Amino acid sequence: MLRTTFAIATATVLSTTAFAQDDGISWKATEVGTGLYMLEGEGGFPGGNLGLMSGSDGNVLIDNGLATTTATTVATIERMTEGPVNFVVNTHAHGDHTGSNHAFTAAGATVVAHNNLRQALIEDETFDRSGLPELTFDESVTFHLNGHTSYIFFIPMAHTSGDAAIHFTEANVIHAGDVFFNKVFPFIDIDGGGSVAGFIAGQQKLLSMANADTKIIPGHGPLASLNDLQTAVDMLIDARSRINTLVDAGRSIDAILAENPLSVYNSWNWDFITTETMTRTIHRELTAE
Ligand SMILES: [Zn+2]
């Protein structure tokens, strides 16, 4: 099923390489282990970070960006690999991580994901059916390819209902998906089955698997360390505590927003999630019936 004889084209890729494309969006590749890469979008809104494991046993792509950037993504992966992408892993259902599934399945890849992710994509009428996961799991599934043990495991009720993270155990690399936004406020999709409590628990699980040398690929933001992840979970726990204090004191959401208890975290703002958005998300969960 997997090709075993092709050359490791990626051996010649520099540790950091930008692949420019016509639409102004490009993926910057950083080698984080033998045949293991993090790809970060540059130029415009690029979608979540990708992971790529490439070698003589085959190629595994983790997430694949927005549908609007499919051509760039496919061209980049073609340049970095020899032979097809055999498997695509989706860390969650959002379109900036699954938007090119259809292009890789058309080229023969099998999409692997949590059961809840497949269900979320089935319920999303805009999603191209040809990109649905064909291999799903409840708790975990493990690849044994290219000398890497790639442990893919479910993180319940965190960013969405169907999050997975990947631990490349020998390489000491973790791909966290969107259970980790590095240096910016996280998006926690409560309507999509996520929760603040599950997000914190998921980050704590990732922390328990990491050490000072672990390279952590976040769903969004630059390559991270244990310290960065610790900082993110500390922020979220403190943010929840600050809002909880005000809820317990009987403050309304408007009064809490006026007080802005997360102003100490202004540097975590970005265009999509601000102190106000973060406050509303946490408040909603704390006051849910
Ligand atoms: Zn997401």
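Scroll up a little and you will see the structure.
Residues numbered from 1 in each chain as written. Predicted model: local features only at pLDDT ≥ 70, side-chain atom pairs only at ≥ 80, totals over all residues.

**Q** Got a minute to help me understand the overall build of the protein in this structure?
**A** Along the backbone of the protein there are 8 helices and 13 strands. Taken over C-alpha atoms, the radius of gyration comes to 19 Å for the protein, in line with the 19 Å a tight globule of 289 residues would show. Expressed as lengths along the three principal axes of its C-alpha atoms, the size of the protein is roughly 65 × 40 × 40 Å. (Helix = DSSP H or I, 4+ residues; strand = E, 2+ residues; numbered from the N terminus. Rg over C-alpha atoms; globule rule 2.2 N^0.38 Å.)

**Q** Quick question: what am I supposed to make of the nonpolar core here?
**A** For soluble globular proteins, the rule of thumb is that nonpolar side chains tend to be buried together. In terms of nonpolar packing, the biggest core is built from 66 residues, with Leu61, Val88, Val89 and Phe180 touching the most fellow members. Considering every element that reaches this core, the biggest residue donor is strand 12 (residues 173–181), with 6 residues. Residues within four places of Val89 in sequence aside, it is in contact with Val60, Ile62, Val112, Ala113, Ile152, Ala164 and Ile166. (Core = buried A, V, L, I, M, F, W, Y, C linked by C-beta atoms within 7 Å. Buried ≥ 20, exposed ≤ 12 C-beta atoms within 10 Å, placed from the backbone. Contact = placed C-beta atoms within 7 Å.)

**Q** Would you mind showing me how to read the sheet that holds strand 11 (residues 163–168) here?
**A** Either a parallel or an antiparallel arrangement is found when strands of a sheet pair, and the pairing is made through backbone hydrogen bonds. Taking strand neighbours across the sheet as the criterion, the 5 strands line up as 9-10-11-12-13 in an open arrangement whose pairing is mixed. This sheet does not close on itself; its edge strands, each paired only once, are strand 9 (140–145) and strand 13 (215–220). Each strand of the sheet is rotated relative to its neighbour by a mean of 25 degrees, with strand direction disregarded. As judged from the 6 bridges shared by strand 10 (residues 148–155) and strand 11, these two strands associate in the antiparallel manner. Counterpart to Ser150 in the pairing with strand 11 is Phe168. Helix 5 (residues 196–209) contacts strand 10, strand 11 and strand 12 of the sheet and is inclined by roughly 165 degrees relative to strand 12. (Pairing = 2+ DSSP bridges. Axes fitted to C-alpha atoms, helices over the stretch in contact; angles between N-to-C directions.)

**Q** Would you take a moment to explain the packing of helix 6 (residues 226–248) against helix 8 (residues 275–286) for this structure?
**A** Packed helices, taken two at a time, are described by their axes: the angle between them and the distance between them. Contact geometry of helix 6 with helix 8 gives a least axis separation of 10 Å together with a crossing angle of 60 degrees. If you check the angle between helix 6 and helix 8, you find them oblique. Crossing angle aside, the handedness with which helix 6 passes helix 8 is right-handed. Across from Ala239, Arg240, Ile243, Asn244 and Val247 in helix 6, the residues of helix 8 making contact are Met278, Thr279, Ile282, His283 and Leu286. (Parallel < 35°, antiparallel > 145°, perpendicular 65-115°, else oblique. Left-handed = near helix turned anticlockwise from the far one by under 90°.)

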